[in-house]
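Here are the chains, one letter per residue:
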Amino acid sequence: MTASLALDALSDAPAEAALNVPARHFWSRAEVEALFALPFADLMYRAQQTHRANFDANAVQRSTLLSIKTGGCSEDCGYCSQSARYTTGLEREALLPIAEVLAAAQAAKDKGASRFCMGAAWRGPKKKDLEPVKEMIRAVKSLGMETCATLGMLQPGQAEELKDAGLDYYNHNLDTSAEHYIRVISTHTQSDRFDTLDKVRTAGIKVCSGGIVGMGETQRGRADLLCELANMNPPPDSVPINNLVPMPGTPLADAKPLDPFEFVRTIACARILMPTSFVRLSAGRQQMSDELQALCFLAGANSIFYGDKLLTADNPEASRDEALFERLGLQAI
Ligand code: SAM
Ligand code: DTB
Ligand code: SF4
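Residues numbered from 1 in each chain as written. Chains lettered and ligands numbered in written order. Predicted model: local features only at pLDDT ≥ 70, side-chain atom pairs only at ≥ 80, totals over all residues. Heavy atoms only, no water.

Chemist: I'd love a proper account of the overall build of the protein, names of residues and values included.
Modeler: Broken down by element type, the protein carries 13 helices and 10 strands. The C-alpha atoms of the protein give 19 Å as radius of gyration, which agrees with the globular expectation for 333 residues (20 Å, within 12%). In terms of overall dimensions, the protein has C-alpha extents of about 55 × 40 × 40 Å along its principal axes. The proportion of buried residues among the 333 residues of the protein is 55%. Here the contacts in the protein between residues at least 6 apart in sequence split such that 75% fall between residues at least 24 apart. Of the roughly 14500 Å² of accessible surface on the protein, 54% is carried by carbon and sulfur atoms. Once the 34 positive and 41 negative side-chain charges of the protein are each reduced to a mean point, those two points are 2 Å apart. (Helix = DSSP H or I, 4+ residues; strand = E, 2+ residues; numbered from the N terminus. Rg over C-alpha atoms; globule rule 2.2 N^0.38 Å. Buried < 20%, exposed > 50% of the residue type's maximum accessible area, 1.4 Å probe, protein only. Contact = heavy atoms within 4.5 Å. Areas by Shrake-Rupley, 256 points an atom, 1.4 Å probe, with all protein chains shown as cover. Lys, Arg positive; Asp, Glu negative; His and termini not counted. Charge placed at Lys NZ, Arg CZ, Asp CG, Glu CD.)

Have a look at this one:
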């Protein structure tokens, strides 16, 4: 199918809306590739239309991240500073004490974050790990913040336990297309990731799932990743789009950086494909200009990681973000 034919086919999609049926469209790779191929201004215009039909275009959600268990991970994800298989200079640390996590959450709340996301460098939580993490979730929840955790693959019953502790969101990224996945990670499969996402959804926890771009994938690879995310039924509630932060010592340390406009295109396509999901402009902001970030917001990004650290990598200082929000007239939600 040519690009324009693929896009013409989309014009039938709103018919369902007229019947008051929640609009759900199965996205083919050809349709998504056709979106990527649009002239930049046309793609941005469509993304803006979709964004404004579903959200306040001047409102941006802010989540703060904390690495509650850093380094020493058994997995071999080619982008990650925390894999025990690479010499990245990162010290392996034990699980943080609950008081330290609570203090970080309070500080994040004081700076204006609405959600606190706890990340662990695990393949998945062991039985003994889950109790302290549940205590952390209860403690953060008691501050009146939304809670999110990213702990790796879950075993049967663990999602229900996390839900009972008050977990609102679970982050588990597809990371890259199925085809590219096997070039980047060998210790688990993308289908393992889908299994965990199913468990999370079934337990009634909101799903946060996205990926990383700039890992040597093709544009078709980025289209495939977005197709896989958008065709989940339902699509993720929150979709983090990470720009690879090249970590010294990892196999992807010298990956060729993505053209910044291609990053903006990826955000715009995510917005169009997942109209009611929050699209998070995630890792890589520290390396972006304010102008590039503004383009990402125009493309429909409406969430960020807020605070001067991601998990191990730097993120812009809260004061830089405050100034950017002020200059762009953005409101935090
Ligand atoms: N171990 C758990 C897992 O893999 O799901 C949770 C922590 S893991 C570090 C969370 C996510 O961080 C990964 O899925 C990946 O999308 C992102 N990430 C890790 N290293 C990154 C990097 N160097 N640049 C961009 N994103 C990265
Ligand atoms: C997500 O998609 N990005 C965040 C969060 N979910 C856990 C993590 C980004 C990690 C960036 C590299 C680092 O800090 O080590
Ligand atoms: Fe481990 Fe997660 Fe890093 Fe992969 S991305 S090495 S699973 S911490």
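Chemist: Residues and numbers for the packing of helix α12 (residues 290-298) against helix α13 (residues 318-328), please.
Modeler: Packing of α12 against α13 brings their axes to within 11 Å, and their N-to-C directions diverge by 60°. The angle between the axes of α12 and α13 places the two elements in the oblique class. Two packed elements cross with a definite hand, and for α12 against α13 that hand is right-handed. When α12 is examined against α13, the residues Asp-290, Gln-293, Ala-294 and Phe-297 are found in contact with a partner set consisting of Arg-320, Asp-321, Leu-324, Phe-325, Arg-327 and Leu-328. The class makeup of the residues in the contact of α12 with α13 is five nonpolar, one polar and four charged. (Axes fitted to C-alpha atoms, helices over the stretch in contact; angles between N-to-C directions. Parallel < 35°, antiparallel > 145°, perpendicular 65-115°, else oblique. Left-handed = near helix turned anticlockwise from the far one by under 90°. Nonpolar A, V, L, I, M, F, W, Y, C, P; charged D, E, K, R; others polar.)

Chemist: Tell me about the site of ligand 1, and please be specific about residues and values.
Modeler: Near ligand 1 there are 17 residues, and of these Tyr-79, Asn-173, Asp-175, Arg-193 and Val-245 occur at the shortest range. Take Asp-175: an N or O atom from its side chain is 2.5 Å from an oxygen atom of ligand 1. Within the complex, 89% of the 560 Å² of free accessible area of ligand 1 lies under protein. Taken together, the residues that form the shell around ligand 1 break down as nine nonpolar, six polar and two charged. (Near = heavy atom within 4 Å. Polar contact = N/O pair within 3.5 Å; in protein donor to acceptor, adjacent residues only side chain to side chain.)

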